[in-house]
Amino acid sequence: MTFEWPVRVYWEDTDAGGIVFYANYLKFFERARTEWLRAAGVEQHQLREDTGAMFVVAETSLRYLAPARLDDLLTITVEPEPAGRASLVVRQRALRGDTLLAEGEIRIGCVRADDLKPQRLPEAVIQAIAP
């Protein structure tokens, strides 16, 4: 199942030439993942309060194919892979219409908020994000 989130490109997202700065795709991807979790019923601040768990980005791999520019309306997608015990991998894309601009794979780890040590994904999260 693919989740989609719209993102408008603003001045703050671009370089002097009006092209999206490469690192901002990570911000766009983060926003879409947060909204994907929210749509699945997982509020991250509530998860931390209830279980002591929080998510951290453990690994990223991005590929840039075409530039996004000022005022573009992008669609950011989230496609989760089956979750592991303490992490999950999410494939993400940034599109302008049918044009693929960037794609990546993000590994998200679940850690204890108090000491940042790995912990199992809470069962409620696994159930919420299961395809």
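Preceding block: the structure.
Residues numbered from 1 in each chain as written. Predicted model: local features only at pLDDT ≥ 70, side-chain atom pairs only at ≥ 80, totals over all residues. Heavy atoms only, no water.

Asks: Is there a simple way to think about the pairing of strand β3 (residues 73-80) in this case?
Replies: On any regular strand, side chains alternate: one points to one face of the sheet, the next to the other face. Pairing geometry for strand β1 (residues 3-8) and β3, over 6 bridges, is antiparallel. Across the sheet, the residue bridging to valine 7 is leucine 74, located in β3. By the bridge criterion, 6 bridges tie β3 to strand β4 (residues 87-96) in an arrangement that is antiparallel. The residue bridging threonine 77 from the neighbouring strand is arginine 93, located in β4. The antiparallel hairpin formed by β3 and β4 contains 6 residues in its connecting segment. (Pairing = 2+ DSSP bridges. Helix = DSSP H or I, 4+ residues; strand = E, 2+ residues; numbered from the N terminus.)

Asks: Would you mind going over the nonpolar core with me for this structure?
Replies: A general feature of soluble globular proteins is that nonpolar side chains tend to end up buried together. Within the largest apolar cluster, 29 residues are counted, with the highest numbers of intra-cluster contacts made by Tyr25, Trp36, Phe55 and Ile76. When residues of this core are traced back to their parent elements, those giving at least two are β1, α1 (24-39), β2 (53-64), β3, β4, β5 (99-112) and α3 (123-129). Considering every element that reaches this core, the biggest residue donor is α1, with 6 residues. (Core = buried A, V, L, I, M, F, W, Y, C linked by side-chain atoms within 4.5 Å. Buried < 20%, exposed > 50% of the residue type's maximum accessible area, 1.4 Å probe, protein only.)

Asks: What's the story with the packing of aromatic side chains in this structure? I'm lost.
Replies: Describing an aromatic ring pair means giving the distance of the ring centres and the angle of the ring planes. If you walk through the whole model with that rule in mind, you get 5 aromatic pairs. Taken together, a centroid distance of 4.7 Å and an interplanar angle of 50 degrees make the contact between phenylalanine 21 and tyrosine 22 tilted. On the accessibility criterion, tyrosine 22 (52% relative accessible area) is exposed. Members of the aromatic cluster, each reached through a chain of ring pairs, are Phe21, Tyr22, Tyr25, Phe28 and Tyr64. (Phe/Tyr/Trp six-rings, centres within 6.5 Å; stacked < 30°, edge-to-face > 60°.)

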